[in-house]
Amino acid sequence: MTDHPQQSLVFEGKSQEEMLAAARAFYEEVKTRRSVRDFSAKPVERAVIENALLAAGTAPNGANRQPWYFVAVAENDLKRKIREAAEREERAFYEHRAGKEWLEALAPLGTDHRKPFLETAPWLIVVFLRKFSYDDQGRKLKNYYTAESVGIACGFLITALHQAGLATLTHTPSPMKFLNEVLDRPGDERAYMVIVAGHPADGATVPIIDKKSLEEIAEFRE
Ligand code: IYR
């Protein structure tokens, strides 16, 4: 066992009925989330984003190194720079890098290199992955399971934003190195994802797609 200080777990249990009702209600809620590509310019107050980021920061992660850093961008000039750089990368992706199979997979989504939402949406949350931490003396420490940890934090973030009543898009321009430059982040941080957040535009549409059934994604061995 460890010498590290411990405290009693604070855990609110539920009855069987409450548990099933809560599990169902959560599913009903999260299944209404859709990736939105058509945003309104309607502002979202910073405190909403702050709380969603606090929720993201509670994610389980390797050795509690919390290997993430979030830059929440609302500033118009920065959003424009991000859009311009992302569209340059995306153009190269759609014209050269993607290949036929990938383009076919994307066809139902109707995406192309144009990313106007990067300027229209009130918030772009740029998520960085930190391969290393630094202790009080500035010594470099390895972080662990960084991709898993940051992925989970992004899941929390998207879910927090959704339940707050916001639309999101997980955007992954590739390569994302330009984000370090535009946002002045150190070279040992890797841009992981851009989460676009705001209100959907009036009349926004989303592709008709379906989710796999439980039988397709899971099995039980009891
Ligand atoms: N990053 C590109 C392409 C793209 C890739 C996947 I996989 C998607 O699910 C959606 C888009 C873009 O943002 O257009």
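Everything below is about the structure printed above this text.
Residues numbered from 1 in each chain as written. Predicted model: local features only at pLDDT ≥ 70, side-chain atom pairs only at ≥ 80, totals over all residues. Heavy atoms only, no water.

Chemist: What's the story with the overall build of the protein chain in this structure? I'm lost.
Modeler: Tallying secondary structure elements over the protein chain gives 8 helices and 6 strands in all. What you see in the protein chain, going N to C, is helices and strands ordered as α-α-β-α-α-α-β-β-β-α-β-α-β-α. In the protein chain, of all internal contacts separated by at least 6 residues, the share reaching a separation of at least 24 is 79%. Accessible surface computed for the protein chain: about 14,800 Å², of which carbon and sulfur atoms make up 52%. For the protein chain, the centre of its 30 positive side-chain charges and the centre of its 33 negative side-chain charges are spaced 4 Å apart. (Helix = DSSP H or I, 4+ residues; strand = E, 2+ residues; numbered from the N terminus. Contact = heavy atoms within 4.5 Å. Areas by Shrake-Rupley, 256 points an atom, 1.4 Å probe, with all protein chains shown as cover. Lys, Arg positive; Asp, Glu negative; His and termini not counted. Charge placed at Lys NZ, Arg CZ, Asp CG, Glu CD.)

Chemist: Is there a simple way to explain the packing of helix H2 (residues 46-56) against helix H6 (residues 146-163) in this structure?
Modeler: The axes of two packed helices give the description: the angle between them and the distance between them. Where H2 contacts H6, the two axes come as close as 8 Å, and the packing angle between them is 145°. H2 and H6 meet at a crossing whose hand is right-handed. Packed against H2, whose contacting residues are Ile 49, Ala 52, Leu 53, Ala 55 and Ala 56, the element H6 presents Ala 153, Phe 156, Leu 157, Ala 160 and Leu 161 at the interface. (Axes fitted to C-alpha atoms, helices over the stretch in contact; angles between N-to-C directions. Left-handed = near helix turned anticlockwise from the far one by under 90°.)

Chemist: Would you explain unusual backbone geometry in this entry?
Modeler: Leaving glycine aside, a negative phi is the common case for residues, and trans is the common case for peptide bonds. Omega for the peptide link from Ser 174 to Pro 175 comes to -5°, which places this bond in the cis form. If you trace the backbone, Pro 175 turns up in the loop between strand E5 (167-171) and helix H7 (178-183). Although it is not a glycine, Gln 66 sits at a positive phi angle of roughly 50°. With respect to the helices, strands and loops of the structure, Gln 66 is situated in the loop between H2 and strand E1 (68-73).

Chemist: Explain the sheet that holds E1 to me, please; I cannot follow it from the model alone.
Modeler: Strands in a sheet are paired, the pairing made by backbone hydrogen bonds, and the direction either parallel or antiparallel. Overall, antiparallel pairing links the 4 strands, which are arranged E1-E2-E6-E5 in an open sheet. With partners counted over all chains shown, the strands left at the sheet margins are E1 and E5, one partner each. Taking the axes of each pair of neighbouring strands and ignoring which way they run, one obtains an average angle of 25° across the sheet. One ladder, built from 8 bridges, connects strand E2 (residues 123-130) with strand E6 (residues 189-198); its direction is antiparallel. If you follow Leu 129 over to E6, its bridge partner there is Arg 190. Most of the contacts of H6 go to E6, to which it runs at about 10°, and overall it touches E1, E2, E5 and E6. (Pairing = 2+ DSSP bridges.)

Chemist: Just to check I follow, could you spell out the nonpolar core for this structure?
Modeler: One finds Ile 49, Phe 70, Ile 125, Leu 157, Leu 161 and Ile 195 to be the most contacted residues of the largest nonpolar core, which totals 24 residues. Those elements that provide at least two residues to this core are H2, E1, E2, H6 and E6. Looking at this core element by element, the count peaks at 7 residues for H6. Other than its neighbours up to four places away in sequence, Ile 49 contacts Val 44, Ala 72, Trp 123, Ile 125, Leu 161 and Leu 166. The next biggest cluster of nonpolar side chains, apart from the first, holds 22 residues, and it includes Val 73, Ala 86, Leu 118 and Ala 121. (Core = buried A, V, L, I, M, F, W, Y, C linked by side-chain atoms within 4.5 Å. Buried < 20%, exposed > 50% of the residue type's maximum accessible area, 1.4 Å probe, protein only.)

Chemist: I keep staring at the packing of aromatic side chains and nothing clicks. Help me out?
Modeler: Two aromatic rings are characterised by how far apart their centres lie and by the angle between their planes. Across all of its chains, the model carries 2 aromatic pairs by this definition. Seen in terms of ring centroids, Phe 93 and Tyr 94 are 5.0 Å apart; in terms of plane orientation they differ by 85°. Their pairing is edge-to-face. A relative accessible area of 8% means that Phe 93 is categorised as buried. Judged by relative accessible area, which is 17%, Tyr 94 ranks as buried. Judged by centre distance (4.8 Å) and plane angle (90°), the ring pair of Phe 93 and Trp 102 falls under edge-to-face. Given a relative accessible area of 48%, Trp 102 falls into the partly exposed group. Three or more aromatic residues link up through ring pairs in this structure, and these residues are Phe 93, Tyr 94 and Trp 102. (Phe/Tyr/Trp six-rings, centres within 6.5 Å; stacked < 30°, edge-to-face > 60°.)

None of the figures reported here should be taken as evidence of function without further support.
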